[in-house]
Amino acid sequence: MAVFSLSVAALLGIIVAVVAFADTVAAALATANEFIVGNLGWLYLWVVFLAFVFVVYVMIGPWGRIKLGGPDTEPEFTFWQYLVMTFTAGLSSGGLEFWGPVEPLIHYGTRPPYFDASAGTWARMADALQYAIYHYGLSAWATYLVFAVAISYYVYRKGAPFRPAVILAPFVGVDNVDGPLGKLVDALAVVVTVSGITVSFGLGISQFASGLSFKWGVGLGQLGRIGLILLVGVLFLLSVIAGIQKGIKRFADLNVVLLIGLMAAMFAFGQATTLVNLTTQALTGYATDFVGMSLFFAPNGEATAWLGSWTLFFWPWWLTFAPMIGIFMARISKGRTLRELVFAGLFGSFALTVPWYAATGGSALLLQTSGAADLLGVYESSGLEAVGFALFEQLLPYPAVFSAALLLLVVSFLITTLDSSTLSIAMMAAGGEESPSTINRLVWGLMMVLLTIALSLAGGMPVLQSFTILVGLPTAVLCAVAMLGMLIEFEREFPILTESDNEESERSTPTGPSVQQQRQSAGTTSDD
């Protein structure tokens, strides 16, 4: 109850402050944004890079064999369902359908400072696509997986509740995470998660409204946007009532079907061979430049401003979702191994992200550079939300049908975001309860709706972006704590530096009086 009360009070305070002092809040956020990017940007870069290193080692190393549950525990979902729900829960929060068509195009128009290719060249196109894939690639999922690994391990191996506070367990013990510090961690995770979701919510609403205006000439206005936010909230309510099997899973399936259908159409009616070649070069660059891009920071004003608009916006955005997505991944991972969990999060999702960027962003680049369409002109005149609809208009037959499908995808993604996130947040606020009440989830859905409306009224995208960079800061610290804690825990329970695999196996059954029955039945590993 303490976590619930603290979180609600903090969020209501933020909402009231944003509504009552909109100009002051916007100015303060802009100042905080500038300070964090210039002085603490290194923290985001290092935390996200080390998160990737950590989860990759968990996947390929001996710790990957750890099973989440007893030796006879069966997964609740098929591996395909598991992949689909993992993918949609994570990427619905990040607006894949929003950024896919436009981000590579913007990088082409305003070259990332890490690269130096000339405008109009093939290399410039590949660099632009490469950076877009980087922002939505393995690094983003690594932040989610740090929390997913920690929470799922302590839930299924140590009998802990579904709470972000379990990241403290390596330092204080499972039985002591319910203290004041644990409650503070849970409340903080709730507040930053709700705050981060407002960005996705706001972007999705803007894209939907822009599509109506660009394609059908229907202008919603501020009041209409608020009505649209409320409509999505009602659809989310129906999904909550349906439950995880009929709600989240069905919308997740719809998301994947629509995404694959739109990708297939882009490849079918676009330049498929050229897109594959362009994407291949972008992926090659992504692999060879990964470390360089991950730790790139230039202290000059132009480069710092670029990073603040892109990498140092995306990284705190991903981090705000990390506790929530981590809990959701843990919730559906019972019976899996840590290796399966990390693989699903990293490569299962990457396998859908890259084709989407290739189909949409790659096609936008080809149309722009060939002179077939001035999509950068659309971006400058109508905003980045309109680029996807302009792309369909130029490339696909029956563009109205495909534009309608994109609008449906936007709404479906938003509902999945609200559905999966409110489940995770309600679990946090209820002390880790696996099946929180519908009322609990509705409260958090209402908080997201109100905060999205408040921030949209306060200034739209610039305010949302500054707000994200600020609230992502404490989550970066929590992510670093989680990595350090799990390294300590794994080396203590499953040592690899001081003992052989046989000794490790003998020590693999955790001990602890609070969960003794689970200890007796838990297995160490599963067959790979």
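Residues numbered from 1 in each chain as written. Predicted model: local features only at pLDDT ≥ 70, side-chain atom pairs only at ≥ 80, totals over all residues. Heavy atoms only, no water.

Colleague: Which parts of the structure should I look at to understand the nonpolar core?
Modeller: It is characteristic of soluble globular proteins that their nonpolar side chains tend to be buried jointly. Counting 192 residues, the largest nonpolar core has Trp 99, Trp 444 and Phe 490 as the members making the most contacts within it. The element that contributes the greatest number of residues to this core is helix H18 (residues 399-429), accounting for 17 residues. (Core = buried A, V, L, I, M, F, W, Y, C linked by side-chain atoms within 4.5 Å. Buried < 20%, exposed > 50% of the residue type's maximum accessible area, 1.4 Å probe, protein only. Helix = DSSP H or I, 4+ residues; strand = E, 2+ residues; numbered from the N terminus.)

Colleague: Which parts of the structure should I look at to understand the packing of aromatic side chains?
Modeller: Following the criterion strictly, the structure yields 37 aromatic pairs and no others. Here Tyr 114 and Phe 296 contribute two aromatic rings whose centre-to-centre distance is 5.4 Å and whose plane-to-plane angle is 75°, an arrangement assigned as edge-to-face. Of the two residues, Tyr 114 is situated in the loop between helix H5 (103-109) and helix H6 (122-135) and Phe 296 in the loop between helix H12 (290-294) and helix H13 (301-309); the sequence distance between them amounts to 182 residues. Judged by its relative accessible area of 17%, Phe 296 is buried. (Phe/Tyr/Trp six-rings, centres within 6.5 Å; stacked < 30°, edge-to-face > 60°.)

Colleague: Mind showing me how you'd approach the pattern of salt bridges here?
Modeller: Once the charged atoms of two side chains with opposite charge are near each other, the side chains can pair. Using the criterion set out here, one finds nine salt bridges in the structure. One salt bridge in this structure joins Glu 489 and Lys 158, with 3.5 Å as the shortest N-O distance. Remark: Lys 158 occurs in helix H7 (residues 138-158) and Glu 489 occurs in helix H20 (residues 461-493); sequence separation between them is 331 residues. The same class applies to Glu 489 and to Lys 158, which are both buried. With a shortest N-O distance of 3.0 Å, Arg 163 and Asp 178 are connected by a salt bridge. Within this pair, whereas Arg 163 is found in the loop between H7 and helix H8 (169-172), its partner Asp 178 is found in the loop between H8 and helix H9 (180-216), the two being separated by 15 residues in sequence. In this structure, a network of salt bridges that share partners links the residues Lys 158, Glu 489, Arg 492 and Glu 493. (Salt bridge = Lys/Arg side-chain N within 4 Å of Asp/Glu carboxyl O.)

Colleague: So what exactly am I meant to see when it comes to the packing of H18 against helix H19 (residues 438-458) here?
Modeller: Two quantities define a packed helix pair, namely the angle between the axes and the distance from one axis to the other. At a closest axis distance of 8 Å, the pairing of H18 and H19 adopts a crossing angle of 120°. H18 and H19 meet at a crossing whose hand is right-handed. Contacts between H18 and H19 involve Leu 418, Asp 419, Ser 421, Thr 422, Leu 423, Ile 425, Ala 426 and Ala 429 from the first element and Asn 440, Arg 441, Trp 444, Gly 445 and Met 448 from the second. Residues belonging to the contact of H18 with H19 are distributed by class as follows: seven nonpolar, four polar and two charged. (Axes fitted to C-alpha atoms, helices over the stretch in contact; angles between N-to-C directions. Left-handed = near helix turned anticlockwise from the far one by under 90°. Contact = heavy atoms within 4.5 Å. Nonpolar A, V, L, I, M, F, W, Y, C, P; charged D, E, K, R; others polar.)

Colleague: Can you walk me through the side chain of Thr 279 in this structure?
Modeller: Within the secondary structure, Thr 279 is located in helix H11 (residues 272-288). The buried category is assigned to Thr 279, whose relative accessible area is 9%. At 2.7 Å, the side chain of Thr 279 forms a polar contact with the backbone oxygen of Leu 275. Once residues lying within four places of it in the same chain are set aside, the contact partners of Thr 279 are Leu 129, Val 354 and Ala 358. (Polar contact = N/O pair within 3.5 Å; in protein donor to acceptor, adjacent residues only side chain to side chain.)

Colleague: Would you mind going over unusual backbone geometry with me for this structure?
Modeller: Positive phi is not limited to glycine here, since Tyr 398 has a value of about 50°. Position of Tyr 398 among the secondary structure elements: in the loop between helix H17 (387-395) and H18. The exposure class assigned to Tyr 398 is exposed, which follows from its relative accessible area of 67%.

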